[in-house]
Amino acid sequence: QVQLVESGGGLVQAGGSLRLSCVASGNIFSVDVMGWYRQAPGKQRDLVAFITSGGSSNYADSVKGRFTISGDNDKNTVYLQMNSLKPEDTAVYYCYAKLRMPGQQYEMFYWGKGTLITVSA
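Quick caveat, the model's predicted, so the values are computed rather than measured. (Residues numbered from 1 in each chain as written. Predicted model: local features only at pLDDT ≥ 70, side-chain atom pairs only at ≥ 80, totals over all residues. Heavy atoms only, no water.)

Asks: Help me out: how do you make sense of the environment of glutamine 39 in this one?
Replies: Examined against the element boundaries, glutamine 39 turns out to sit in strand S4 (residues 30-39). The spatial distance from the C-alpha of glutamine 39 to the C-alpha of phenylalanine 50 is 16 Å, given a sequence separation of 11 residues. Not counting the four nearest positions on each side in its chain, glutamine 39 is found in contact with Gln44, Arg45, Ala91, Val92 and Tyr94. Within the structure, glutamine 39 has its side chain in polar contact with the side chain of arginine 45 (distance 3.5 Å). (Helix = DSSP H or I, 4+ residues; strand = E, 2+ residues; numbered from the N terminus. Contact = heavy atoms within 4.5 Å. Polar contact = N/O pair within 3.5 Å; in protein donor to acceptor, adjacent residues only side chain to side chain.)

Spelled out as structure tokens, the structure:
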């Protein structure tokens, strides 16, 4: 089995910073993409950022210039550094990975359980 575990969520004041981590573990052959979605109450789940094993990254327009995604391929870990946080960033943040288990020909999509980020005004 594959497990994605997020950490670093919590309560922070507007303008503050927070750093999320996500570790993929289990029977993993290769990880090709890791990233983050978020879902605020009553809203759809939106992509925040992702990074490929080659180091290419992409961001939602709403977080560009404030969030930075990075990864450690050797540890199957992705990080999300969140700066200048706003109340509208409040959401459950979900780590995801596109990876292959040994013997698999194609990538599969996996989710973490999510971690709550609350930004107070």
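Asks: I'm lost on the pattern of salt bridges in this one. Help?
Replies: Where charged atoms from two side chains of opposite charge come close, those side chains can pair. Using the criterion set out here, one finds four salt bridges in the structure. Ionic pairing is found between arginine 66 and aspartate 89, a salt bridge with its closest N-O pair at 2.7 Å. Here aspartate 89 lies in the loop between strand S8 (77-82) and strand S9 (91-100) and arginine 66 lies in the loop between strand S6 (57-59) and strand S7 (67-72), a separation of 23 residues in the sequence. Salt-bridge contacts for glutamate 107 lead to lysine 98; the nearest nitrogen and oxygen are separated by 3.7 Å. (Salt bridge = Lys/Arg side-chain N within 4 Å of Asp/Glu carboxyl O.)

Asks: Looking at this structure, how should I read the sheet that holds strand S3 (residues 18-26)?
Replies: In a beta sheet, neighbouring strands pair by backbone hydrogen bonds and run either parallel or antiparallel. An order of S1-S3-S8-S7 is seen for the four strands of this open sheet, with the pairing classed as antiparallel. Where the open sheet ends on each side, the last strands, each with one partner, are strand S1 (2-7) and S7. Each strand of the sheet is rotated relative to its neighbour by a mean of 15°, with strand direction disregarded. Relative to S8, S3 is paired through six bridges, and the arrangement is antiparallel. The partner of cysteine 22 across the bridge, within S8, is valine 78. (Pairing = 2+ DSSP bridges. Axes fitted to C-alpha atoms, helices over the stretch in contact; angles between N-to-C directions.)

Asks: Just to check I follow, could you spell out the environment of asparagine 58 for this structure?
Replies: Looking at where asparagine 58 falls in the secondary structure, it is placed in strand S6. Residues asparagine 58 and leucine 18, spaced 40 residues apart in sequence, show a C-alpha to C-alpha distance of 19 Å. Other than its neighbours up to four places away in sequence, asparagine 58 contacts Val48, Ala49 and Phe50.

Asks: So what exactly am I meant to see when it comes to the side chain of threonine 115 here?
Replies: As for its position among the elements, threonine 115 is in strand S11 (residues 115-120). Under the relative-accessibility criterion, threonine 115 is labelled buried at 13%. (Buried < 20%, exposed > 50% of the residue type's maximum accessible area, 1.4 Å probe, protein only.)

Asks: Mind showing me how you'd approach the pairing of S4 here?
Replies: For a regular strand, the rule is simple: side chains alternate between the two faces of the sheet. Most of S4 sits out of view: seven of its 10 residues are buried. In the sheet, S4 pairs with S9 via nine bridges, with the strands oriented antiparallel. What sits directly across from methionine 34, in S9, is alanine 97. Of the pairings in the sheet, the one linking S4 to strand S5 (residues 45-52) comprises seven bridges and is antiparallel in character. Bridge assignment links arginine 38 to a residue of S5, and that residue is aspartate 46. Counting the residues in the hairpin turn of S4 and S5 gives five residues, including glycine 42, whose phi is positive at 75°.

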